[in-house]
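Here are the chains, one letter per residue:
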Amino acid sequence: MNRDYTSIRVRPGVVLVGLLALALNLRTALAGYPPLIDAVRADLGFSAGAAGFVQTGAVLMMAAGSLVGPAAARRGGPERALVGAVGLVALGSLVRGVPAAVPLVAGSLLAGFGIGVAGVLLTGVVKEHLAAHAGAVTGGYVVAMMIPSTVASAVAVPLATAVGGWSLALAVWAVPAVLAAAAWLPVARRVEPAAPAASTGLPWRDRFARLAAAHQSAASLLVYGWMTWLAPYLATRGWSPRDAGMVLAVWAAAQVPGALVIPALAERSGRWRFWSGVALASTAAGTIGLMLAPLPPAVGPWAWAALVGVGSGAGFPLGLAVVAWRTPDAAASAATSGMALGVGYTVAGIGPFAMGVLIDLTGGYAAAIGLLLAAAAVQATAIARIGDAPR
């Protein structure tokens, strides 16, 4: 994989606007489901495990999509393949508009697969068209994924009331996906794909790719682990569900400045290892604080949750940015990020379940939070070995 996908460049501003429009849709289809789980269970008779499998299955399909994304890019270039990937997100959302078990599961899996493919293709596009600003651009489109997903979660229940049911509320998210694909079409049409490159598969034997996969796996577990268990953990410490949910909102909001600022600082200074270490230190400090001193008057969970949010918000885009900086071309960038994201999303799908098992077995949260600290240690090792030197 030593050649670019494309032979014509499009204005960077046009590419950036299109990327952000696409990124707006790479979490909303899944973020709108959890607040509706009670309604889904009441309507379809799902157990808690079956309702949870819908989301876990979608995340695992994101992993599968990430692993096959580079192959999709080789056939026509990432710009054109992105239209199809976001089209899958739209189709999956539409399928979920049928209020039945099979369409809900099938649509969620389809949307997850499209999200996984699109996430890999975005990294190839950044390498091809916006490599000089990979850190800032990556942070920008990660934030463009975060904010709409928060909105989707917040409006899910009132939206279901307004449109007449949970299934139609899930189907609504097909509309922005279709609009984003339409906004991206001018870029896809202006790019002439190069001749298909020879398939070399994912770089499993490449040391840097393995380190990138380790980094993204740990970063993903820290995000999805706290996303799943922060509010329940605080509830066991005496916080009301409302107050625990507010702390979770603080955690989510703190990810935004982390994703925007820290990758940009790493790019400007050329010190990826230092700024990645700063982000990880913030995450680790917040995690230890939540475990040892989660309640007032010492500190309380707000500051600890904010520290975790800032650090974990930066960790994911930093992992994508270093792939763009350290790979020789767009094809190599897509293959490496596909491997890293595929492994990372697999861990993100399994990790929170493993934490739940530990909670059940031990009757508390210490072992589950210990698993998150182990992930932080893995991430620290990957950061140290990746370093700053050009590849």
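Residues numbered from 1 in each chain as written. Predicted model: local features only at pLDDT ≥ 70, side-chain atom pairs only at ≥ 80, totals over all residues. Heavy atoms only, no water.

Caption draft 1: Structural detail: the overall build of the chain. Within the chain one finds 15 helices and zero strands. Radius of gyration (C-alpha) of the chain: 20 Å, near the 21 Å computed for a compact globule of 391 residues. The dimensions of the chain, computed from C-alpha atoms along their principal axes, are 60 × 50 × 35 Å. Put simply, 84% of the contacts in the chain that link residues at least 6 apart link residues at least 24 apart. Summed over its atoms, the accessible surface of the chain is roughly 15,200 Å², and 69% of this surface lies on carbon and sulfur atoms. Positive and negative charge centroids in the chain, built from 23 and 12 side chains respectively, lie 5 Å apart. (Helix = DSSP H or I, 4+ residues; strand = E, 2+ residues; numbered from the N terminus. Rg over C-alpha atoms; globule rule 2.2 N^0.38 Å. Contact = heavy atoms within 4.5 Å. Areas by Shrake-Rupley, 256 points an atom, 1.4 Å probe, with all protein chains shown as cover. Lys, Arg positive; Asp, Glu negative; His and termini not counted. Charge placed at Lys NZ, Arg CZ, Asp CG, Glu CD.)

Caption draft 2: Quick look at the confidence of the model for the chain. Averaged over every residue, the pLDDT of the chain is 84; residues scoring 70 or more account for 92%. Low pLDDT, under 50, characterises residues 1-7; the predicted model gives this stretch 34 contacts beyond four residues in sequence or across chains. (pLDDT = per-residue confidence, 0-100.)

Caption draft 3: How the structure looks around the packing of helix 5 (residues 78-95) against helix 6 (residues 101-129). Relative orientation of the contacting elements helix 5 and helix 6 amounts to 160°, with a least axis distance of 7 Å. In terms of orientation, helix 5 and helix 6 fall into the roughly antiparallel class. Taken as a pair, helix 5 and helix 6 cross one another with a handedness that is left-handed. Split by residue class, the contact of helix 5 with helix 6 holds 18 nonpolar, four polar and two charged. (Axes fitted to C-alpha atoms, helices over the stretch in contact; angles between N-to-C directions. Parallel < 35°, antiparallel > 145°, perpendicular 65-115°, else oblique. Left-handed = near helix turned anticlockwise from the far one by under 90°. Nonpolar A, V, L, I, M, F, W, Y, C, P; charged D, E, K, R; others polar.)

Caption draft 4: Just the environment of Val 40, in detail. In this structure, Val 40 sits in helix 3 (residues 37-44). Here Val 40 falls in the buried class, since its relative accessible area comes to 0%. Along the sequence, Val 40 and Ser 167 sit 127 residues apart, while their C-alpha atoms lie 8.4 Å from each other. Setting aside its immediate chain neighbours within four residues, Val 40 contacts Tyr 33, Gly 45, Phe 46, Leu 104 and Trp 166. (Buried < 20%, exposed > 50% of the residue type's maximum accessible area, 1.4 Å probe, protein only.)

Caption draft 5: Spatial organisation of the domain arrangement of the chain. As assigned here, the chain comprises domain 1 (10-194) and domain 2 (205-390). Look at where the C-alpha atoms of domain 1 and domain 2 centre, and you get two points 21 Å apart. Listed per partner, the contact involves 30 residues of domain 1 and 32 residues of domain 2. For the pairing of domain 1 and domain 2, the buried interface totals around 2,300 Å² over both sides, and the portion due to carbon and sulfur atoms is 73%. On the domain 1 side of the contact with domain 2, Thr 123, Lys 127 and Met 146 bury the most area, a combined 22% of that side's loss. (Domains from an automatic or database assignment. Buried area = accessible area lost by both parts, 1.4 Å probe.)

Caption draft 6: Spotlight on the side chain of Arg 27. The residue Arg 27 is located in the loop between helix 1 (12-23) and helix 2 (28-31) in this model. Filtering out sequence-adjacent residues up to four positions away, Arg 27 remains in contact with Met 62, Ile 115, Met 145, Ser 149, Tyr 224, Phe 316 and Tyr 345.

Caption draft 7: Summary view of the environment of Val 89. Positionally, Val 89 belongs in helix 5. A relative accessible area of 1% means that Val 89 is categorised as buried. Sequence separation between Val 89 and Gly 52 is 37 residues, and the spatial gap between their C-alpha atoms is 20 Å. Every residue in contact with Val 89, bar those within four places of it in the chain, is listed here: Asn 25, Ala 29, Ala 111, Gly 114 and Ile 115.

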